[in-house]
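# Residue-level structure breakdown
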Amino acid sequence: MPMNNSKENSSIALNDGDKIAVLGGGPSGSFFSIFALKLAKQIGKDIDLTIYEHKSFSNEGPSGCNMCAGVISESLVQLLAIEGICLKSPIVQRAIDSYRFQTISGDVLLHSLNEQRGIATVYRGGGPVSKITSEADENPETEKISFDDFLLDYAEKEGAKIENIRVDDIKLDNEKPQIFSNKRILSDADLVVGACGINTKTAKMFEELGIGYTQPSVIKAFQSEIHIGREKVSTQFGNAIHIFLINQPNVKFAAITPKGSYVTVSMLGKDITKQTVKDFLNYPVVKNKFPDSWTITDTFCRCVPKINVGAARHPFADRIVMIGDASSARLYKDGIGSAYLTAKAAANTAILHGVSCSDFYKNYYPACKKINRDNFFGNVMFAFTNTVNKTPVIREALLNILRNEQDRPELGYRCSTILWDMFTGNELYTDIFLRALNPKLLLRILVNIIGTTFIRLKTIWRY
Ligand SMILES: Cc1cc2nc3c(=O)[nH]c(=O)nc-3n(C[C@H](O)[C@H](O)[C@H](O)COP(=O)(O)OP(=O)(O)OC[C@H]3O[C@@H](n4cnc5c(N)ncnc54)[C@H](O)[C@@H]3O)c2cc1C
């Protein structure tokens, strides 16, 4: 059957002994491999699956890391547990039970309503470039367990072959895609899975095949790993992710995620540099969170990864499917959860339905479209958060409501759960948006805005 993108073409089934080449051993590549191999075993199909991954995730720093804040959402932790993939220490660096929202008008601490502290923080690679020291409380071994390595090992146990190699070319030859490294053919695969993310030129190689695939739109983020010692991380940050909405010039969003003996500082915005991070860490409301004696050093582990902010076009063709960040991801949240969803939908399609363009269109694409549609509401919600943050009266009114809800549980947690779900990525943005339209909540916000405005005017008149 000719390689084309027609939605009308018929199904192409994978047969016993057929080869699947998975380009990339990040979360989407490992999830795909685990689900495809498990499913194939269940229906008695013999699949020859190889993951090609050029990084060694035990290496410290960006060269061995898939560069992310490493927060695994509550919903993903639970989904993985159901799949039998249990996340625990030492892969889990810290179990998160709360989010602290810091604005320039004050802060509020929101607790998880789930007693089990379901959110996990992990390292994607072998940890920050090492500065671990002789501190008694540090255990270098537990600092270095990589989430991506853990998933890759899991895939290997399910029967995946792992090749530590960079794929540098893809060609379409007759019916099958061929992949190469250093001009040597690695595989003429019956299915190539593009689990390559958006931080290398690999997605571009798929674009250049002329199958209609276009990479997602991206923005750059800035990540830094700051060492303050395990005990200080616990006393200063506890088990809370700190979100800063402090209107620093050019910065849209900043968060500090506690890990073992480091905290991860993630920043989104325009032209963020090392100096922007230092300026951020020197803001009084940020500096207050660090130990008194602490000063920012000039060198710290940092990277500038890309984040998916818009869906890929045509993420499939005959015998090719793009998954994870190279396809669709939830806006600003739970990218690993999106990797899980797209990988699982692609694996189900490939094993149970087939690997033609029409198989993926019918059975895989709906999962991507669901994420893409939901991101529309994500954009609306983040635009609203931005406006709130820039409008002192509304910001203070909402802080009041949130504090009230935390102090007086009998009021319910309507506003708190909206903020919680938005920043944890626990729920679909569509559901959060609909909950935000609740008339009682809108009335409460309006009353609080009027109250806050009145108090502000009274203060002005007094002077
Ligand atoms: C600053 C930042 C913070 C984030 N924080 C979070 C968070 O806290 N929680 C969350 O859930 N998500 C977060 N994300 C998103 C998350 O990182 C991604 O959604 C997720 O990593 C996507 O997984 P993936 O497998 O599709 O791609 P990746 O994780 O990028 O994996 C792709 C893999 O393919 C390999 N590869 C690429 N090309 C080749 C090639 N030619 N040959 C061999 N191997 C190749 C790469 O080495 C890599 O290992 C964050 C992203 C950013 C930028």
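Residues numbered from 1 in each chain as written. Predicted model: local features only at pLDDT ≥ 70, side-chain atom pairs only at ≥ 80, totals over all residues. Heavy atoms only, no water.

### Side note on the domain arrangement of the protein
For the protein, the assigned domains read domain 1 (19-57 + 146-217 + 309-374), domain 2 (102-118 + 218-307) and domain 3 (391-462). Each of domain 1 and domain 2 has a C-alpha centre, and the two are 32 Å apart. The interface of domain 1 with domain 2 comprises 6 residues on the first partner and 7 residues on the second. Summing both partners gives a buried area of about 650 Å² for domain 1 against domain 2, and 58% of it is carried by carbon and sulfur. Here domain 1 and domain 2 share 3 residue pairs in polar contact (both at pLDDT 80 or more) between them. Looking at the side of domain 1 that touches domain 2 residue by residue, the classes come out as 4 nonpolar, 2 polar and no charged. (Domains from an automatic or database assignment. Contact = heavy atoms within 4.5 Å. Buried area = accessible area lost by both parts, 1.4 Å probe. Polar contact = N/O pair within 3.5 Å; in protein donor to acceptor, adjacent residues only side chain to side chain. Nonpolar A, V, L, I, M, F, W, Y, C, P; charged D, E, K, R; others polar.)

### What to know about the packing of aromatic side chains
Inspection of the entire model under this criterion finds 19 aromatic pairs. A centroid spacing of 5.3 Å and a plane angle of 70° characterise the contact between tyrosine 99 and tryptophan 420, whose relative ring orientation is edge-to-face. One end of the pair, tyrosine 99, is in strand β5 (residues 98-103); the other, tryptophan 420, is in helix α13 (residues 414-424), and 321 residues separate them in sequence. Classification of tryptophan 420 as buried rests on a relative accessible area of 7%. With a centroid separation of 5.0 Å and 45° between ring planes, the pair formed by phenylalanine 377 and phenylalanine 433 is classed as tilted. On the criterion of sequence distance, the pair formed by phenylalanine 377 in helix α11 (residues 365-390) and phenylalanine 433 in helix α14 (residues 429-436) is long-range, its members being 56 residues apart. Put simply, the rings of Tyr99, Phe101, Phe253, Tyr332, Phe382, Trp420, Phe423 and Tyr429 touch in pairs and so form one group of aromatic residues. When the ring centre of phenylalanine 300 is taken as reference, the NZ or CZ atom of arginine 302 above it lies at 5.7 Å. The ring of tyrosine 429 carries arginine 330 above its face, with NZ or CZ at 4.8 Å from the centroid. (Phe/Tyr/Trp six-rings, centres within 6.5 Å; stacked < 30°, edge-to-face > 60°. Helix = DSSP H or I, 4+ residues; strand = E, 2+ residues; numbered from the N terminus. Buried < 20%, exposed > 50% of the residue type's maximum accessible area, 1.4 Å probe, protein only. Lys NZ or Arg CZ within 6 Å of the ring centre and 35° of its normal.)

### Points about the site of the ligand
Within the structure, the ligand sits among 34 residues, and Glu53, Val71, Val167, Thr202 and Asp325 are positioned closest to it. Contact between the ligand and serine 28: an oxygen atom at 2.8 Å from a side-chain N or O atom of the residue. Summarising the interface, the protein chains cover 94% of the accessible area of the ligand, which totals 1,000 Å² for the free molecule. Listed by contribution, the elements that provide at least two residues to the shell around the ligand are α1 (27-42), β13 (218-227), β18 (306-308) and α9 (335-353). For the shell around the ligand, the class distribution of residues is 15 nonpolar, 12 polar and 7 charged. Looking at which domains feed residues into the shell around the ligand, each of domain 1 (19-57 + 146-217 + 309-374) and domain 2 (102-118 + 218-307) supplies at least three. (Near = heavy atom within 4 Å. Areas by Shrake-Rupley, 256 points an atom, 1.4 Å probe, with all protein chains shown as cover.)

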